Amino acid sequence: MHEGLPRAIMEAMAAGKPIIATNVRGYRDLVIDGVNGYLVPVNDIEATVKAIIKLTENKNLRVKMGGEGRKIIQELCH
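Residues numbered from 1 in each chain as written. Predicted model: local features only at pLDDT ≥ 70, side-chain atom pairs only at ≥ 80, totals over all residues. Heavy atoms only, no water.

Undergrad: For this particular structure, what's the right way to read the environment of Leu 55?
TA: Here Leu 55 is to be found in helix α2 (residues 45-57). Separated by 32 residues in the primary sequence, Leu 55 and Asn 23 have C-alpha atoms spaced 18 Å apart. If we skip the residues at most four places from it in the chain, Leu 55 touches Pro 18, Ile 20, Tyr 38, Leu 61, Arg 62 and Met 65. (Helix = DSSP H or I, 4+ residues; strand = E, 2+ residues; numbered from the N terminus. Contact = heavy atoms within 4.5 Å.)

Written as structure tokens, this is what we have:
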């Protein structure tokens, strides 16, 4: 399974949102696990739930990861 550069992920990063994505090509090119979001294994519901809980329970983490994602996308576009 793979995807090219996913525009929805890029748009979310530009909007300063932290990302939870499956660990497949395309997403791996944009998401740095633990920096601007989380990469979870394909079909791993438990890992996905853990990532969601981490972000929903920690506003500072959401803001920090969102800011990192915005920086990454700005660097890609310049």
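Picking up after the structure, the text goes on.
Undergrad: Looking at this model, I keep getting lost on the pattern of salt bridges. Mind explaining?
TA: Two side chains with opposite charge may pair up if their charged atoms get near one another. All told, the structure shown has two salt bridges when counted by the stated rule. Among the ionic pairs, Lys 50 bridges to Glu 46, the shortest N-O distance being 3.3 Å. Residue Lys 50 and its partner Glu 46 are both found in helix α2; the two are separated by four residues, about one turn of the helix. (Salt bridge = Lys/Arg side-chain N within 4 Å of Asp/Glu carboxyl O.)

Undergrad: Any chance you could explain unusual backbone geometry here in plain terms?
TA: What is expected of a backbone is that most residues other than glycine have negative phi and most peptide bonds are trans. Despite not being glycine, Asn 43 has its phi angle at roughly 65°, a positive value. Mapped onto the elements of the fold, Asn 43 is located in the loop between β2 (37-40) and α2.

Undergrad: Honestly, helix α3 (residues 59-77) in this entry has me stumped. Any pointers?
TA: For the α-helix, the turn length of 3.6 residues means that residues three or four positions removed from each other point alike. The first and last C-alpha atoms of α3 sit 27 Å apart over 19 residues, in line with the 27 Å expected at 1.5 Å per residue. All buried positions along α3 are accounted for by Met 65, Gly 66, Gly 69, Ile 72 and Ile 73. The buried side chains of α3 occupy one side of the element, clustering within an arc of 125° when seen end-on. Residues Asn 60, Val 63, Lys 64 and Glu 75 are exposed on α3 and point more than 90 degrees away from its buried face. Those residues of α3 that are buried are in contact with α1 (7-14), β2 and α2. Among the residues of α3, the N-terminal cap falls to Asn 58, whose side-chain oxygen and the backbone nitrogen of Asn 60 are separated by 3.2 Å. (Expected span 1.5 Å × (residues − 1). Buried < 20%, exposed > 50% of the residue type's maximum accessible area, 1.4 Å probe, protein only. Arc of directions from axis to C-beta. Polar contact = N/O pair within 3.5 Å; in protein donor to acceptor, adjacent residues only side chain to side chain.)

Undergrad: Can you walk me through the pairing of strand β1 (residues 19-22) in this structure?
TA: The side chains of a regular strand alternate between both faces of the sheet. Where burial is concerned, the two faces of β1 differ: the one with Ile 19 and Ala 21 is buried and the one with Ile 20 and Thr 22 is not. One ladder, built from four bridges, connects β1 with β2; its direction is parallel. Within β2, the residue paired with Ile 19 across the bridge is Gly 37. (Pairing = 2+ DSSP bridges.)

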